[in-house]
Amino acid sequence: MDSARPNPYFRNLNAKAAAVPMVLTTLVVFVGCSIWTVVYSFSASRALPINEFVGFAQYDRLFSTSRWTKSVENIAVYGVTSLIFSLVVGFILAAFMDQKIRFENTFRTIYLYPFALSFIVTGLVWQWILNPTFGLQQVVRDLGWESFTFDLISGRDTVIYALLIAGIWQGTGFVMALMLAGLRGIDEDIWKASRVDGIPVWKTYLFVVIPMMRGVFITTLVIIASGIVRLYDLVVALTNGGPGIASEVPAKYVYDFMFARGNVGQALAASTVMLTTVLIILIPWVYLEYGKKKQG
Amino acid sequence: MAIEPRGTRPGRMLDPTRIMIYGVLIVAAVYYLLPLYVMIVTSMKGMPEIRLGNIFSPPVEVTFEPWVKAWDTACTGLYCEGLKVGFWNSVQILIPSVIISIMVASVNGYALANWRFRGSEVFFTILIFGSFIPYQVMLYPLVILTRELGIFGSLYAVILIHTIFGMPILTLLFRNYFASLPQELFKAGRVDGAGFWGIFLKIMVPMSLPIFVVAVILQVTGIWNDFLFGVIFAGTKNFPMTVQLNNIVNSTQGVKEYNVNMAATILTGAVPLLIYFLSGKYFVRGIAAGAVKG
């Protein structure tokens, strides 16, 4: 270490050694594996990856497969609905929690515990509650409302709502926690000033506090959105894609074609589309964040 | 209530706005608690009671038979050895994965915070943005890589995968924490002649217990709840508890025993739930770390 001629490449050698796992992870996994997937998505690979490149043929097939288009449609509906719902409800809950209420810790513990559970557990519990023979539907029927139907899981058009109910149940508490942290970061003086000016509380939230929390909203949005793209476990546990293909999602398409159906080319094309989606979400965010830093 | 000072509390309990706020919070709390309640009551009923009764009613005759069955003899379609197999597999995956991923990430975060070198921030940025890439994009090449390394379908593979994908969030956590410690400590260590590892082990680690707790909580819940990596990389005989649970409940053979299924579901959720209820604020800090950029 105390060499007479300090060579810049050997300075900080320990730190560089400590960073080897990170360098390998970024270069080999995040960059290398992603590039490999993109490249081989243009190949004619079937059961094993092969070096015969066929342009966009895999993508043509992908988008003419009803299972894939249904998957994309599902994730779009699921994504938009759950984003809006969890942001709105998460924010409202956080705003209510911020009113100096009693038992704040108890409420927070209750709202957040689903987030500690596996999607498999969440999926299976809701599968049971939404079970048409024994679940919620039967309970209401037993109360005397004989014609009540709440059979989300067996209906092709309704099964997506079953996924939404379970997904929102698991995720809203997390949004609430982030929003609450954001609200706690708002200067008390803002509230004092708006009270002095006689501005109603809801107006202060809508026109002052929410614009001030833009950063929290955007970050939350990016985190949940990139989580939604990889939605997989919940579907496997709750519906396994059924009935038919009614609740298929892109991540499941990738898994099934990669490991069960032995069609690697299709799986890689599908995962490249997923990657592109994430980039479309991510790039404006990076641009916003880094653009801001440069100006500041 | 009489002990409290009078008049100064901003909202009186009977204020209509307060009633509305508590009303909404309580309704939401009921919605959140309902599945947990249903899970517990279902798991303690006998099958005849489930067929006749209602999922919300408490058990008339409390039985722990379903729990014993779920743990010991429930069938996955192939074997009838219960969830205990998956539980021990999960433990075997969990312990080394948590230890190794935290060791690697803490040293890495320390290097990034205190020993920056040319390019270190670039790699860190790629690492953070890499965490947004859907796992599906990297799965197949990782299967090839682990197969080439000769560890595909073993505990080693799944431990490696957890270490890789735990790295972004953990590194961020440690880097930000070490950077927030007073620099004087680091400089004093340097003056006293301590090197990279000396400062890390003697100064940084002892001062960072809270962040290690946060990291352990984050990793234990994350790895325990994992399904995808377990099902792909661990190999059939090492399937973690989540995979086995799904195989038990969604197996198409035999009569569905909803009470056993719910007991199995609670058993799988028990570890993260226990950690969650015991750790409280540390858990919140861990999940919020992902949202606070460095």
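Note that this is a predicted model, so its numbers are computed, not measured.

(A) Main features of the overall build of chain B. Summing up its helical and strand segments, chain B has 14 helices and zero strands in all. Ordered by position from N to C terminus, the α and β elements of chain B give α-α-α-α-α-α-α-α-α-α-α-α-α-α. Whereas a compact globule of 294 residues would reach a radius of gyration of roughly 19 Å, chain B reaches 24 Å, over 25% beyond that. Over its C-alpha atoms, taken along the principal directions, chain B stretches across nearly 75 × 70 × 30 Å. When burial is assessed residue by residue, chain B has 46% of its 294 residues classed as buried. Taking the contacts inside chain B whose residues are at least 6 apart along the sequence as the reference set, 74% of them involve residues at least 24 apart.

(B) Seen up close, the overall build of chain A. Looking only at helices and strands, chain A features 14 helices and zero strands. A compact globule built from 296 residues would reach a C-alpha radius of gyration of about 19 Å, whereas chain A, at 24 Å, exceeds it by more than 25%. Referenced to the eigenvectors of the C-alpha coordinate spread, the extents of chain A come out at roughly 70 × 60 × 30 Å. For chain A, with 296 residues in total, the buried portion stands at 41%. Counting contacts in chain A only where the partners sit at least 6 residues apart, residues at least 24 apart contribute 69% of the total.

(C) Examining the domain arrangement of chain B more closely. Residues and elements named next belong to chain B. As far as domains go, chain B holds domain 1 (16-63) and domain 2 (85-239 + 262-289). The C-alpha-based centres of domain 1 and domain 2 are spaced at 36 Å. At the interface, four residues of domain 1 touch four residues of domain 2. When grouped by side-chain class, the residues that make up the side of domain 1 that touches domain 2 number two nonpolar, two polar and no charged.

(D) Seen up close, the nonpolar core. Among the nonpolar cores identified, the biggest contains 164 residues, and A:Ala162, A:Leu163, A:Leu231, A:Ala270, B:Ile161, B:Leu173 and B:Ala264 are the most heavily contacted of them. Counting residues per element, this core draws most heavily on helix α7 (residues 155-180) of chain B, at 15 residues. Each of domain 1 (16-63) and domain 2 (85-239 + 262-289) of chain B gives at least three residues to this core.

(E) Main features of the environment of A:Ile223. The residue A:Ile223 is located in helix α11 (residues 214-229) in this model. Exposure remark for A:Ile223: the 18 C-beta atoms within 10 Å place this residue in the partly exposed category.

(F) Representation of the environment of A:Phe107. Checked against the element boundaries, A:Phe107 lands in helix α5 (residues 104-112). Residue classification places A:Phe107 among the buried positions, given that 21 C-beta atoms sit within 10 Å. In sequence terms A:Phe107 and A:Leu93 are 14 residues apart; their C-alpha atoms lie 9.8 Å from each other. Other than its neighbours up to four places away in sequence, A:Phe107 contacts A:Met97, B:Leu25 and B:Ala29.

(G) Focus on unusual backbone geometry. All names here are of chain A. Gly-242 connects to Pro-243 through a cis peptide bond whose omega is -5°. If you check the backbone angles, Phe-103 has positive phi at about 55° while not being a glycine. Turning to its location among the elements, Phe-103 is positioned in the loop between α4 (66-97) and α5. On the neighbour-count criterion, Phe-103 (13 C-beta atoms within 10 Å) is partly exposed. Here the phi dihedral of Asn-240 falls at roughly 50°; this positive angle occurs in a residue that is not glycine.

(H) Quick look at the interface of chain A and chain B. Taken residue by residue, the interface counts 72 residues in chain A and 70 residues in chain B. Take the side of chain A that touches chain B: its biggest share by element is 12 residues, from helix α2 (residues 20-40) of chain A. Taken together, the residues that form the side of chain A that touches chain B break down as 53 nonpolar, 14 polar and five charged.

(I) Structural context of the confidence of the model for chain B. Scored by pLDDT, chain B has a mean of 87; 94% of the residues are at 70 or more. Here the complex is predicted with pTM 0.89, and the ipTM for its interfaces comes to 0.88.

(J) Fine view of the packing of α2(A) against helix α6 (residues 135-148) of chain B. Packing of α2(A) against α6(B) leaves a shortest axis separation of 8 Å and a crossing angle of 90°. Here α6(B) runs roughly perpendicular to α2(A), going by the angle between their axes. Residue-level inspection shows A:Val29, A:Cys33, A:Ser34, A:Trp36 and A:Thr37 of α2(A) in contact with α6(B), the latter providing B:Val137, B:Met138, B:Tyr140, B:Pro141 and B:Leu142. Grouping the constituent residues of the contact of α2(A) with α6(B) by class yields eight nonpolar, two polar and no charged.

(K) Highlighting helix α9 (residues 196-207) of chain B. Here α9(B) is 12 residues long and its end C-alpha atoms lie 16 Å apart, about the 16 Å a rise of 1.5 Å per residue gives. Here α9(B) has its buried residues at B:Phe196, B:Ile199, B:Phe200 and B:Met204. Along the axis of α9(B), the buried positions cluster into a sector of 95°, meaning they face one direction only. What points out from α9(B), more than 90 degrees from its buried face, is the exposed set B:Leu201 and B:Pro206. Against α1 (13-18) of chain A together with α4 (84-114), α7 and α8 (183-191) of chain B lie the buried residues of α9(B).

(L) Quick peek at the environment of B:Arg285. Its location among the elements puts B:Arg285 in helix α14 (residues 281-289). Sequence separation between B:Arg285 and B:Leu173 is 112 residues, and the spatial gap between their C-alpha atoms is 9.8 Å.

Cut-offs applied
- Residues numbered from 1 in each chain as written.
- Chains lettered and ligands numbered in written order.
- Predicted model: local features only at pLDDT ≥ 70, side-chain atom pairs only at ≥ 80, totals over all residues.
- Helix = DSSP H or I, 4+ residues; strand = E, 2+ residues; numbered from the N terminus.
- Rg over C-alpha atoms; globule rule 2.2 N^0.38 Å.
- Buried ≥ 20, exposed ≤ 12 C-beta atoms within 10 Å, placed from the backbone.
- Contact = placed C-beta atoms within 7 Å.
- Domains from an automatic or database assignment.
- Nonpolar A, V, L, I, M, F, W, Y, C, P; charged D, E, K, R; others polar.
- Core = buried A, V, L, I, M, F, W, Y, C linked by C-beta atoms within 7 Å.
- pLDDT = per-residue confidence, 0-100.
- Axes fitted to C-alpha atoms, helices over the stretch in contact; angles between N-to-C directions.
- Parallel < 35°, antiparallel > 145°, perpendicular 65-115°, else oblique.
- Expected span 1.5 Å × (residues − 1).
- Arc of directions from axis to C-beta.

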